[in-house]
Amino acid sequence: PPGPTTSRERTMILLAFGVAVLALFAGFQLQGQVESIGFQTADGILLSARERLVPVVNDLMDHARTGQVLAEKRCLVTGGNRGLGKGVAKHLHDFGCNTTVATRTPGVVQLSETANASFLPLDLSKLESVCQAAGASEVYDVVVLNAGVAPYSNEKTAEGLEQALGTNCLGNFALILSLLSQDKLAAGARIVVVNSETHRAVPRLNISSLREDVSYGLTDALQYYARSKLCLTTLTRALVPVLRAHGGAVIHSICPGPVATDLARDAPSWVRPAIEAFMHLAFQTPEQAARAVALVAADALFAGPSGSNHHMYKRKDARADTAEPGQQRALWSLMADVIHEHPPACYQAMKPVLSVPDL
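Residues numbered from 1 in each chain as written. Predicted model: local features only at pLDDT ≥ 70, side-chain atom pairs only at ≥ 80, totals over all residues. Heavy atoms only, no water.

This part takes up the overall build of the protein chain. Of regular secondary structure, the protein chain possesses 12 helices and 8 strands. Within the span of the protein chain, comprising 359 residues, buried residues form 53% of the whole. Look at the contacts in the protein chain between residues 6 or more apart in sequence, and 74% of them connect residues 24 or more apart. (Helix = DSSP H or I, 4+ residues; strand = E, 2+ residues; numbered from the N terminus. Buried < 20%, exposed > 50% of the residue type's maximum accessible area, 1.4 Å probe, protein only. Contact = heavy atoms within 4.5 Å.)

Shown next, in the form of structure tokens:
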């Protein structure tokens, strides 16, 4: 591809290079992994700076808007009350979808000058809340799993898992199975999992150790966040044949690239201003980043076959071990065990789809 042609692109390249160098010195190149968290962030900054992509993206967005490609459809966006999720919800509304946002905190989410989103209470860190949300749901044509956490110190979920693992991985996995088992996914529904390129930056999953107690602070937090995203990516790929066999839903995952969200709200007060300043300088706005997510949700040709993984506007295979049947079965079994041990109200409905599939 041609080199940078604008001053903004040149600035972003220098900034991305600085991120990679700082990441190395800060210790984010984890256990000798070449694809460190810093390098993944730098790659995202470079890709988001490519201004020549904007006209193409604008054309795709205009086509989806003017064609009302999701008219008469029902969409669910988790974490849709702020940041990236709100941007996705607004875009899906623009595409014609009747949009619901699922969040822990009730509130009005304005999608346009004349429309607000419907609200569904959901706390992914609690299986009972996941179960209740699925039971109260409509039948959805599009489900965007955007909600997640990036904790800066360890707390446990209601089921006793490390918080990032229990929310980002188990919570989303349980929500998909709850919607599936309660017939809340329309035939051929599309599920979009918002993931992270940081899943490439951590060692291979030691699944037998995932339920062990851990203690970490700010310096190790990214490792556990990335680990949770690796778990989610693995289960996303494992769900492809299961969804195909139960109603034909398709599932995709996408990393929207670096986004200037409010994830820094949980950081220590002394470092929060620096994190927020850097994110606003170098990262995409939530509405910009949400475009790629919305296009995967709305455009079957753009999204590709079920199981496709995206990094912003390009398809990019997830790391190889996420496709290993042994890893998929072991992780599925572990998550199912947690649900068996802490059965929510919809447990009986879920049991048929909790069995480890023959992958």
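Glancing now at the pattern of salt bridges. What the rule picks out here adds up to 10 salt bridges. Ionic pairing is found between lysine 156 and aspartate 213, a salt bridge with its closest N-O pair at 2.6 Å. Within this pair, whereas lysine 156 is found in the loop between β4 (140-145) and α6 (163-181), its partner aspartate 213 is found in the loop between β5 (185-194) and α7 (221-245), the two being separated by 57 residues in sequence. (Salt bridge = Lys/Arg side-chain N within 4 Å of Asp/Glu carboxyl O.)

With that out of the way, let us pick up the sheet that holds strand β7 (residues 309-311). One open sheet holds the 8 strands; their spatial order is β3-β2-β1-β4-β5-β6-β7-β8, and the pairing between them is mixed. Edge positions in the open sheet fall to β3 (118-121) and β8 (314-315), since each of these has one partner strand only. As defined by bridge partners, strand β1 (residues 74-78) adjoins strand β2 (residues 98-103) across 5 bridges and the pair is classed as parallel. Within the sheet, the bridge partner assigned to threonine 78 lies in β2 and is alanine 102. Across the face of the sheet, helix α4 (residues 83-94) comes into contact with β1, β2, β4 and β5 while running at roughly 170° to β1. Of the strands in this sheet, β1, β4, β5 and β6 (250-255) touch α6, which is tilted by about 170° from β4. (Pairing = 2+ DSSP bridges. Axes fitted to C-alpha atoms, helices over the stretch in contact; angles between N-to-C directions.)

All right, on to the pairing of β6 then. Counting buried positions along β6 gives 5 out of 6 residues, so the element sits mostly inside the fold. In the sheet, β5 pairs with β6 via 5 bridges, with the strands oriented parallel. From the neighbouring strand, valine 194 faces β6, where its bridge partner is isoleucine 254. Crossover β5 to β6 through α7 is right-handed. Where β6 meets β7, 3 bridges bridge the pair, whose relative direction is parallel. Considered in β7, the bridge of serine 253 is made with asparagine 309. (Right-handed = clockwise from strand over helix to strand, strands pointing away.)

This next bit is on the nonpolar core. Across soluble globular proteins, nonpolar side chains show a tendency to be buried alongside one another. By size, the foremost hydrophobic cluster in this structure holds 57 residues, and its most contacted members are Leu177, Leu185, Ile191, Leu243, Trp332 and Met335. Among the secondary structure elements, those contributing two or more residues to this core are α5 (127-135), β4, α6, β5, α7, α11 (325-341) and α12 (347-354). Setting aside its immediate chain neighbours within four residues, leucine 177 contacts Leu239, Trp332, Met350, Val353 and Leu354. In this structure, Met61, Leu92, Val142 and Ala289 belong to the second largest nonpolar core, which totals 33 residues. (Core = buried A, V, L, I, M, F, W, Y, C linked by side-chain atoms within 4.5 Å.)

Attention shifts here to the packing of aromatic side chains. All chains considered together, the criterion is met by 2 aromatic pairs. Seen in terms of ring centroids, phenylalanine 173 and tryptophan 332 are 4.9 Å apart; in terms of plane orientation they differ by 80°. Their pairing is edge-to-face. Highlighted residues: phenylalanine 173 in helix α6 and tryptophan 332 in helix α11, separated in sequence by 159 residues. Judged by its relative accessible area of 1%, phenylalanine 173 falls in the buried class. Here the aromatic rings of tyrosine 216 and tyrosine 224 are separated by 4.3 Å at their centres, their planes lie at 15°, and the arrangement is stacked. Classification of tyrosine 216 as buried rests on a relative accessible area of 8%. By relative accessible area, which is 19% here, tyrosine 224 ends up buried. (Phe/Tyr/Trp six-rings, centres within 6.5 Å; stacked < 30°, edge-to-face > 60°.)

Within the element layout of this structure, glutamine 284 appears in the loop between α8 (272-282) and α9 (286-298). Of the polar contacts made by the side chain of glutamine 284, one reaches the backbone oxygen of proline 256; its length is 2.9 Å. (Polar contact = N/O pair within 3.5 Å; in protein donor to acceptor, adjacent residues only side chain to side chain.)

Turning our eyes to something else, we now look at the state of the cysteines. Evaluation of the coordinates by the stated rule reveals 2 disulfides. Each sulfur of the disulfide joining cysteine 75 and cysteine 97 lies 1.9 Å from the other. Between cysteine 75 and cysteine 97 the disulfide shows an S-S torsion of about 105°. By sign, it is right-handed. With a gap of 22 residues between them, cysteine 75 in strand β1 and cysteine 97 in the loop between α4 and β2 connect regions that are remote in the sequence. Accessibility assignment for this pair places cysteine 75 and cysteine 97 in one class, buried. The disulfide that involves cysteine 131 links it to cysteine 346, with 2.3 Å between the sulfurs. Of this pair, cysteine 131 sits in helix α5 while cysteine 346 sits in the loop between α11 and α12; the two residues are 215 residues apart in sequence, bridging distant segments of the chain. The burial state of cysteine 131 is the same as that of cysteine 346; both residues are buried. Numbered in order of appearance, the disulfide-bonded cysteines of the protein chain are paired 1-2, 3-4. Cysteine 231 carries a free sulfur, and the closest cysteine sulfur to it, the one in cysteine 169, is 4.5 Å from it. The class of cysteine 231 is buried, set by a relative accessible area of 0%. (Disulfide = S-S within 2.5 Å.)

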